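Coordinates in review
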Protein chains: 2
Amino acid sequence: MKLKVKTINFETGNTKDVVLNIKDALKLGQKAGDRINIKNLESKNIEEKYWIAILQIDYSNSIVKPGEIGVFLDIIKEKPSLKDNMVLSVKSADPPDSFKFIQKKIRGSKLTTEEINNIVSDTVSGSLSKIDLAAFITAVFINGMDHEEMTSLANAESRSGEIFNFGPDVYDKHSTGGVPGNKVSLIIVPIVAATGLTIPKSSTRAITSPSGTADSMEVLAPVAFEADALKTIVSTENACIIWGGALNTSPADNILIEIERPLHMDPIGLMIPSIITKKLSLGVKKLVLDIPVGEGTKFTTPHDGKQFAYVFKEIARNVGIKAECALTLAHQPIGHAVGPGLEAKEALTLLMDYSAGPNSLIEKSTDIAGILLEMGGKAQKGMGQKLAKEILRSGKAYEKMRSIIKAQGGNPELKPEEIKLGPYKKEFFATKPGHITGVNNAIINQIAKATGCPHSKQSGVEIFKKQGARIKEGDLIFKIYSESQSKIKRAENIYNSTGGPIILGGMMIERI
Amino acid sequence: MKLKVKTINFETGNTKDVVLNIKDALKLGQKAGDRINIKNLESKNIEEKYWIAILQIDYSNSIVKPGEIGVFLDIIKEKPSLKDNMVLSVKSADPPDSFKFIQKKIRGSKLTTEEINNIVSDTVSGSLSKIDLAAFITAVFINGMDHEEMTSLANAESRSGEIFNFGPDVYDKHSTGGVPGNKVSLIIVPIVAATGLTIPKSSTRAITSPSGTADSMEVLAPVAFEADALKTIVSTENACIIWGGALNTSPADNILIEIERPLHMDPIGLMIPSIITKKLSLGVKKLVLDIPVGEGTKFTTPHDGKQFAYVFKEIARNVGIKAECALTLAHQPIGHAVGPGLEAKEALTLLMDYSAGPNSLIEKSTDIAGILLEMGGKAQKGMGQKLAKEILRSGKAYEKMRSIIKAQGGNPELKPEEIKLGPYKKEFFATKPGHITGVNNAIINQIAKATGCPHSKQSGVEIFKKQGARIKEGDLIFKIYSESQSKIKRAENIYNSTGGPIILGGMMIERI
């Protein structure tokens with residue numbers, strides 16, 4: 001069937017959908033969601049000449065008339081030679097081979113490397129639709145992936161995008177997440193980089209948490225860089241703390257994550273390849289994985305975390321990455337601050353003044369940095385954390401951080417007290433004396449998000465008293481910041497209705 | 001967040017998508033595919049006041065500007081009070097409870113009736129997205145549904161739409177499909193209806209086959225009717241042969257099918273409720289299920305078909321339908337004709353003249369009609385087929401069919417030879433003598449679709465020699481019809497490259 005291009009001046013975020021009039025769709029025997037093969041007879045570029053699209057149908061005759069094919073701006077951007085009234089040849093497309101391999105996983109069978117390569121390349125080309133991928137993710141969740149499959153997937157995903165080469169020995173750290181206030185990367189990267197090791201830290205923005213490393217770093221310096229800018233930064237600083245989203249690394253993984261997220265599914269079989277592929281893309285050779293363990297994280301018990309660590313290390317080894325894993329406490333936030341601005345402030349304060357603490361941030365950051373220093377031969381086995389603390393205490397980590405901030409286009413002279421917060425605030429006080437038996441991470445996250453995190457950098461929460469602290473009636477225990485009075489109100493409501501995140505107990509366990 | 005309505009003059013076929021500018025989506029902390037709660041402060045109608053939509057994002061600023069919410073024509077049709085510049089209040093929505101129940105099925109647990117009701121109502125309301133439903137379908141495929149779950153699903157699906165009441169004793173037949181040329185409903189319905197039993201036959205159009213019952217019937221009379229018109233037809237004729245698509249029966253099932261189809265998944269756990277819910281919607285009390293068995297059908301072996309039959313009968317009984325199942329041969333087409341016009345012609349010819357045959361069509365149709373006549377007390381056990389043949393031979397079935405055609409607005413005087421075919425044709429002849437060892441259904445389907453079926457009613461194939469026939473060199477064995485010479489050519493190419501569907505053998509089995 002020959003159809004004339006009609007540009008639809010609208011961007012859907014989906015580079016695959018084209019629109020046919022219902023009459024033509026019926027003639028073609030196709031329904032919405034079906035794949036169609038498109039051939040552009042007038043194009044010389046092979047990528048613009050043949051492509052596979054997913055069909056949408058205009059039932060209304062209002063936009064796409066019979067004889068036309070509606071093309072969104074997304075496709076026009078990808079295929080700039082497409083022009084209105086150009087004639088495209090359209091026919092129904094069989095599902096790609098990779099569709100059969102998804103069916104194979106649904107039926108519970110193991111996939112070969114070639115089959116996984118196929119799924120990955122068709123994910124990127126768009127031959128697999130979102131519902132195909134939702135079925136794949138569900139099948140992996142239920143039927144799992146073995147070590148070979150995960151290794152193949154990590155390799156295939158990294159090959160689907162750009163791969164950087166920052167030299168033969170590239171270091172990194174990563175966290176499986178789930179603990180609020182985990183701004184340790186802002187401390188670890190400058191410590192490690194100060195010794196001359198290469199550590200190009202690329203992170204995500206927060207997805208479900210109040211602040212990701214990229215969100216907090218963005219308070220101090222820009223974080224969105226394309227490939228060339230990143231190369232310049234890392235070549236001068238042997239480090240960076242950036243957002244990975246502007247790089248074209250592992251697009252297949254990004255597409256899968258976009259579907260896993262609304263499905264609330266993060267199967268191990270996809271999670272491990274997802275972490276590892278991003279490291280492969282940045283040429284990482286040595287990695288410490290922080291695995292927070294406990295309620296609210298991905299691993300409820302140390303046993304779960306340990307099992308995961310063994311599998312992770314093996315898949316990493318299979319692709320040429322030496323990984324060590326650190327199971328870490330996750331029963332309460334790291335440090336006192338949660339939210340982009342507050343976390344940046346807490347990290348910057350510690351970098352400038354070791355004595356400012358907080359201890360949990362010092363201990364966790366230097367634990368992990370210490371392992372990296374040992375892996376890099378900067379410290380002997382068991383001496384890494386001591387060295388990391390020295391570098392932090394000496395101000396060398398702060399000097400390195402200033403230098404990274406400058407290289408990324410931020411202001412290296414920024415002082416912690418200059419970081420904007422609020423302006424709306426609300427403080428909470430202890431209503432009785434006692435001691436803190438716990439801090440509830442889930443309530444912390446809920447309140448922090450209610451204040452406007454992570455989109456609003458100036459919003460967040462401060463926790464003044466943590467587990468084990470003794471308090472008097474009237475002590476300041478908690479404070480919230482927001483750019484909007486109504487959000488303060490909403491956060492306050494959560495505090496009041498849940499009883500707040502700071503759990504106060506007497507000494508009595510039970511009254512009988 | 002308050003946003004102004006901006007109508008997007010475009011119909012997507014999806015009544016749930018709304019569009020936000022990327023800036024507002026970021027502020028709201030939402031991504032494409034997320035659910036959002038919408039509140040229309042100006043609306044008094046409760047259904048138009050609160051709704052859940054799925055978010056699309058305009059990254060281009062070209063259509064939906066910050067402060068606006070883009071609404072497609074689909075939603076405007078559903079909620080006619082929506083006007084440009086009306087202010088809607090928008091906030092992020094938690095996944096509905098039904099989302100948790102889908103997760104429960106993914107984890108392999110049995111769902112309660114209430115949980116299934118929830119999934120069904122959220123499917124219809126649109127609170128569950130396509131990828132949620134793809135995950136659900138995949139989970140049912142892998143983890144299955146037990147009898148109680150299937151019963152609950154069938155009930156919930158039928159309650160999701162209109163339910164007809166054509167009296168206390170309503171009969172029907174259904175086929176699980178997979179055999180070409182299966183025009184038996186065009187014979188069975190008039191036979192059964194001629195005895196006074198009520199049989200409101202609603203069918204689908206062909207999805208993957210060359211012709212569905214509705215496609216073939218449409219050659220003889222209109223088949224698309226809304227509820228009131230259907231009631232009138234059945235009240236006068238106690239029968240009909242219509243397309244179910246214009247009725248609002250079991251919309252939940254229709255939505256699931258729209259996702260199962262491109263996924264090529266038809267799990268038993270959804271297939272049985274899908275068949276049964278459509279019967280519940282039409283008030284059917286007694287049903288014969290035709291289960292074709294063999295290569296190319298859903299049931300490769302009689303054992304598979306039998307297992308399915310037992311489960312089907314039980315689920316039917318659970319919802320108050322008495323079902324009998326007939327395992328039928330599916331090794332070659334029923335009759336000689338495949339394609340809407342050719343099948344209508346073959347059926348009409350038989351109705352007018354019993355001696356015209358073909359035998360396979362007479363035998364299968366009267367087998368199934370006979371069971372219905374026995375269930376309806378019109379014939380004693382074992383005597384149903386005999387009575388069915390008498391009714392067919394006597395011309396009473398033809399009289400009833402004329403009456404149904406007239407009631408549906410067709411021409412009851414239409415003669416078989418007046419049914420338009422072609423005009424392009426091509427005949428194929430035996431290249432050597434021998435006997436026919438088989439007819440390949442898959443090749444028949446492929447060729448029939450290449451000629452233009454099911455969209456083109458005049459296209460299709462005729463099979464002159466079937467299994468067991470002895471032939472001479474030069475005998476006419478196969479003929480194709482199409483509205484287009486290029487489609488004839490394409491069908492011919494398939495014939496030549498596959499060797500054709502008619503398999504000719506000598507007496508020798510093997511040469512050693």
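Each chain carries its own residue numbering, running from 1 in the direction its sequence is written. Chain letters start at A and ligand numbers start at 1, both assigned in the order the entries are written. The model is predicted, so local features are restricted to residues of pLDDT at least 70 and side-chain atom pairs to those at 80 or more, both for listing and for counting; the totals for chains, interfaces and linings are taken over all residues. Side-chain numbers here rest on the full set of heavy atoms in the structure, without hydrogens or water.

**Observations regarding the overall build of chain A**
Heads up, the condition is: A run of H or I in DSSP counts as a helix once it spans at least four residues, and a run of E counts as a strand once it spans at least two, with each numbered from the N terminus. Only protein chains enter the accessibility calculation, which uses a 1.4 Å probe. A residue is then buried if its area is under 20% of the maximum for its type, exposed if over 50%, and partly exposed in between. The contact criterion used throughout is that any non-hydrogen atoms of two residues lie within 4.5 Å.
Along chain A, the regular secondary structure elements total 19 helices and 18 strands. Projected onto the principal axes, the alpha-carbon positions of chain A cover approximately 80 × 50 × 50 Å. Within the span of chain A, comprising 512 residues, buried residues form 57% of the whole. Counting only contacts in chain A whose residues sit at least 6 apart along the sequence, the fraction spanning at least 24 positions is 78%.

**Details of the sheet that holds strand 14 (residues 434-439) of chain B**
Residue and element names in this part refer to chain B. Basically, it comes down to this: A pair of strands is considered paired only if DSSP assigns at least 2 bridges between the two.
The 3 strands lie next to each other as 16-14-18, forming an open sheet whose pairing is antiparallel. The open sheet has two edge strands, strand 16 (470-471) and strand 18 (502-505), and neither has a second partner. Pairing analysis gives 4 bridges linking strand 14 to strand 18, with the strands arranged antiparallel. Looking at strand 18, one finds that V439 is bridged to I502.

**A look at the domain arrangement of chain A**
A common measure of how large an interface is: the accessible area buried when the components associate. Residue and element names in this part refer to chain A. Rules: Residue ranges labeled as domains rest on an automatic or database domain assignment. Any Lys or Arg side-chain nitrogen found within 4 Å of a carboxyl oxygen on Asp or Glu counts as a salt bridge. Polar contacts, as used here, are pairs of N or O atoms within 3.5 Å; protein pairs need one atom able to donate a hydrogen and one able to accept it. Residues neighboring in sequence count only if both atoms are side-chain atoms.
Domains assigned within chain A are domain 1 (2-92), domain 2 (97-144), domain 3 (171-407) and domain 4 (424-505). The interface of domain 3 with domain 4 comprises 24 residues on the first partner and 19 residues on the second. The interface formed by domain 3 and domain 4 contains 1 salt bridge. The shortest N-O distance in the salt bridge between K457 and E218 comes to 2.8 Å. Our count for the domain 3 to domain 4 interface comes out at 10 residue pairs in polar contact (both at pLDDT 80 or more). Residue assignment for the side of domain 3 that touches domain 4 shows that the elements contributing at least two residues are strand 12 (337-338) and helix 14 (340-352). No other element matches helix 14, which puts 3 residues into the side of domain 3 that touches domain 4.

**Some words on the pattern of salt bridges**
Residues and elements named next belong to chain A. For the structure shown, the criterion picks out 56 salt bridges over all chains. K79 is the partner of E78 in a salt bridge, and the nearest nitrogen-oxygen pair spans 3.8 Å. The partly exposed category is assigned to E78, whose relative accessible area is 39%. Where R402 meets E399, a salt bridge forms, and the shortest distance between an N and an O atom there is 3.7 Å. Here E399 and R402 lie together in helix 17 (residues 396-407), a separation of 3 residues that amounts to about one turn. A residue is classified by how much of its surface remains accessible, and E399, at 46% relative accessible area, is partly exposed. Here the residues in one salt-bridge network are R205, D215, E218 and K457, joined through shared partners.

**Some remarks on the relation of the copies chain B and chain A**
Worth spelling out the cut-off: Least squares is the method used to superpose the copies, on C-alpha atoms of residues holding a pLDDT of at least 70 in both.
Of the transformation placing chain B onto chain A, the axial shift is 0.1 Å and the rotation is 180°, giving an RMSD of 0.1 Å. Both copies are brought into coincidence by an operation consistent with a two-fold rotation axis. Comparing interface residues between copies, 100% of those in chain B also lie at the interface in chain A; the contact surface is shared.

**Observations regarding the packing of helix 7 (residues 147-159) of chain B against helix 13 (residues 302-318) of chain B**
All names here are of chain B. Inclusion rule: Note on geometry: axes are lines fitted to C-alpha atoms, helical ones only across the stretch in contact, with angles between N-to-C directions running from 0 to 180 degrees. Note on angle classes: values under 35 degrees are labelled roughly parallel, values over 145 roughly antiparallel, values of 65 to 115 roughly perpendicular, and the remainder oblique. When the near helix sits turned anticlockwise from the far one by under a right angle, the crossing is termed left-handed; a clockwise turn instead gives a right-handed crossing. Residue type decides the class: Asp, Glu, Lys and Arg count as charged, Ala, Val, Leu, Ile, Met, Phe, Trp, Tyr, Cys and Pro as nonpolar, and the leftover types, Gly among them, as polar.
It is at 9 Å that the axes of helix 7 and helix 13 come closest, and there the two elements cross at 55°. Our classification of the angle between helix 7 and helix 13 gives oblique. Handedness of the crossing formed by helix 7 with helix 13: right-handed. Contact with helix 7, carried on its side by H147, M150 and T151, involves V311, E314, I315 and N318 of helix 13 and no other residues of that element. Within the contact of helix 7 with helix 13, the residues separate by chemical class into 3 nonpolar, 3 polar and 1 charged.

**Topic: the sheet that holds strand 14 (residues 434-439) of chain A**
Residue and element names in this part refer to chain A. The antiparallel open sheet is built from 3 strands, whose spatial order is 16-14-18. Among the strands making up the open sheet, the edge pair consists of strand 16 (470-471) and strand 18 (502-505). Sheet analysis places strand 14 next to strand 16, joined by 2 bridges and oriented antiparallel. Bridge pairing links H435 to R470 in strand 16.

**Some details on the pairing of strand 3 (residues 35-40) of chain A**
All names here are of chain A. Here 5 bridges tie strand 3 to strand 4 (residues 50-58), and the two strands are oriented antiparallel to one another. Looking at the pairing, I38 lines up with W51 of strand 4. Pairing analysis gives 5 bridges linking strand 3 to strand 6 (residues 87-92), with the strands arranged antiparallel. For I36, the partnering residue across the bridge sits in strand 6 and is S92.

**Some words on the nonpolar core**
To be explicit about the condition: Remark: nonpolar core denotes a set of buried residues (Ala, Val, Leu, Ile, Met, Phe, Trp, Tyr, Cys) joined through side-chain atoms within 4.5 Å.
I276 and F312 of chain A together with I276 and F312 of chain B are the most contacted members of the largest nonpolar core, which has 119 residues in total. Those residues in contact with I276 of chain A that sit more than four places away from it in its chain are A154, F312, I315, A316, V319 and I321 of chain A.

**Observations concerning the interface of chain B and chain A**
Stated precisely, the cut-off is as follows: Accessible area that two parts lose when put together, with a 1.4 Å probe and added across both, is what the buried area reports.
Listed as interface residues are 44 residues of chain B and, on the opposing side, 45 residues of chain A. Together chain B and chain A conceal approximately 3800 Å² of surface at their shared face, both sides included; 64% is due to carbon and sulfur atoms. For the salt bridge of D34 of chain A with R261 of chain B, the shortest nitrogen-to-oxygen distance reads 3.3 Å. The interface formed by chain B and chain A contains 5 residue pairs in polar contact (both at pLDDT 80 or more). For the side of chain B that touches chain A, the leading source of residues is helix 6 (residues 130-143) of chain B, giving 10 residues.

**A closer look at a positive patch on the surface**
Selection criterion: Note that patches include only residues with greater than 30% relative accessible area and no salt bridge, and the join distances are 9 Å for like charges and 5 Å for nonpolar side chains (Val, Leu, Ile, Met, Phe, Trp, Tyr). Method for areas: the Shrake-Rupley scheme with a 1.4 Å probe, in which residue coverage is limited to the protein chains shown. All tallies of charge rest on Lys and Arg as positive and Asp and Glu as negative; His and the ends of each chain are not included. For charged residues, the charge sits on one atom: NZ in Lys, CZ in Arg, CG in Asp, CD in Glu.
A contiguous patch of positive charge on the surface is contributed by K2, K39 and K91 of chain A together with R490 of chain B. If you trace the backbone, K91 of chain A turns up in strand 6.

**Some words on the packing of aromatic side chains**
Basically, it comes down to this: The rule is short: rings of Phe, Tyr and Trp, with Trp giving its six-membered ring, pair when the centres are within 6.5 Å, and they are stacked under 30 degrees, edge-to-face over 60, tilted in between. The rule is short: NZ of Lys or CZ of Arg within 6 Å of the ring centre and within 35 degrees of the ring normal puts a charge over the ring.
The final tally for this structure, using the stated rule, is 12 aromatic pairs over all chains. Seen from their ring centres, F428 of chain A and Y495 of chain A are 3.9 Å apart, and the 20° between their planes marks the pair as stacked. Taken together, the positions of F428 of chain A in strand 13 (residues 424-429) and Y495 of chain A in helix 19 (residues 485-498) put the pair 67 residues apart, joining distant regions of the chain. Of the two residues, F428 of chain A and Y495 of chain A, both sit in the buried class. Measuring from ring centre to ring centre gives 4.6 Å for F299 of chain B and F308 of chain B, while their planes differ by 40°; the resulting arrangement is tilted. Each of the two residues, F299 of chain B as well as F308 of chain B, counts as buried. An aromatic cluster is present here, built from F299, F308 and F312 of chain A joined pairwise through their rings. The cationic tip of R393 of chain B hangs over the ring face of Y354 of chain B; the distance from NZ or CZ to the ring centre is 4.5 Å.

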